[in-house]
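Inside the fold
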Amino acid sequence: MSKAGLVLLDCWVSPFCMRVKIALNEKGLQYEARPEDLFGGKSDLLLNSNPIYKKVPVFLHDGKPLCESSIIVAYIDETWSSPPLLPPCSYARAQARFWADYIDKKVFDACGNIWRSKGEVPVEAKTEFIEILKQLEGALGDKEYFNGDTFGFVDIVAIPLTCWFFALEKIGGFSVAAECLKFSSWMKRCSQRESVAKAMPDPEKVYEFVLMFRKMQGID
């Protein structure tokens, strides 16, 4: 597939955009990532392609826009079937969608409760975050990936959020590895994949962005 047919309206620090890039990389698809200036002025293409939410990611396939990262990843998997990102069993696919939904509903907001904190991060915010990761550790079990032996849909939904964890640790004064060793090992395993390494920024740069954003928001 040529780049001309696949365009991603992107923001380098957005874990939701990273999901789409990882899925495209896993499928071996070439695409054009167009950076959006979310602070200085969003492009007409973004505003016209996502008039409801007006946010990235937007994935354009031959000019037809799709929004919301989990929906885009599912579309990519259905449109380009090899390698599959979801298991062949319908029950296992439903379970994968459950955990992807759990991640969408829980993890990003819990991250925000930490990095948006003014002054010392409340113990409750850190406890809630760690408890969510422990739930995900339970779902992971002794498997290499959430899908078993193969990297798949839930891994793609979850792993981009982890590039913000270094910032959370610095701001919150805690260690994910110390609290959730199994989840930390999964993070390292995923980050060694070429598809993930190409899509995820340096956590130090994310931390610098978070500090800058906190100042913009008047938190610091």
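Keep in mind it's a predicted model, so treat the numbers as computed, not measured.

Per the stated rule, a full pass over the model turns up 20 aromatic pairs. Relative to phenylalanine 108, the ring of phenylalanine 16 has its centre 5.1 Å away and its plane inclined at 70°; by these criteria the two rings are edge-to-face. You can see phenylalanine 16 sitting in helix α1 (residues 15-26) and its partner phenylalanine 108 sitting in helix α4 (residues 90-115), a full 92 residues away along the chain. Given a relative accessible area of 25%, phenylalanine 108 falls into the partly exposed group. One aromatic cluster in this structure is built from Trp12, Phe16, Phe39, Phe108, Trp115, Trp164, Phe209 and Phe213. The ring of tyrosine 53 is capped by lysine 55, whose NZ or CZ atom sits 5.2 Å from the centre of that ring.

Once that is clear, we can look at the state of the cysteines. Taken as a whole, this structure holds zero disulfides when the rule is applied. The cysteine cysteine 11 is free of any disulfide, with cysteine 17 supplying the nearest cysteine sulfur at 6.1 Å. Look at cysteine 11 and you get buried, because its relative accessible area is 13%. Free of any disulfide, cysteine 180 has its nearest cysteine sulfur in cysteine 111, 12 Å distant. The exposure class assigned to cysteine 180 is buried, which follows from its relative accessible area of 0%.

On to the sheet that holds strand β4 (residues 64-67). One open sheet accounts for four strands, arranged β2-β1-β3-β4; its pairing is mixed. A single partner strand is all that each edge strand has here, and the edge strands are β2 (32-35) and β4. When the angles between neighbouring strand axes are averaged without regard to direction, this sheet yields 25°. Note: strand β1 (residues 6-10) against strand β3 (residues 58-61), four bridges, orientation antiparallel. Of the residues in β3, the one forming a bridge with leucine 9 is valine 58. Along the sheet, α1 contacts β1 and β3; its crossing angle with β1, the most-contacted strand, is approximately 155°.

Rules used throughout
Residues numbered from 1 in each chain as written. Predicted model: local features only at pLDDT ≥ 70, side-chain atom pairs only at ≥ 80, totals over all residues. Heavy atoms only, no water. Phe/Tyr/Trp six-rings, centres within 6.5 Å; stacked < 30°, edge-to-face > 60°. Helix = DSSP H or I, 4+ residues; strand = E, 2+ residues; numbered from the N terminus. Buried < 20%, exposed > 50% of the residue type's maximum accessible area, 1.4 Å probe, protein only. Lys NZ or Arg CZ within 6 Å of the ring centre and 35° of its normal. Disulfide = S-S within 2.5 Å. Pairing = 2+ DSSP bridges. Axes fitted to C-alpha atoms, helices over the stretch in contact; angles between N-to-C directions. Contact = heavy atoms within 4.5 Å.

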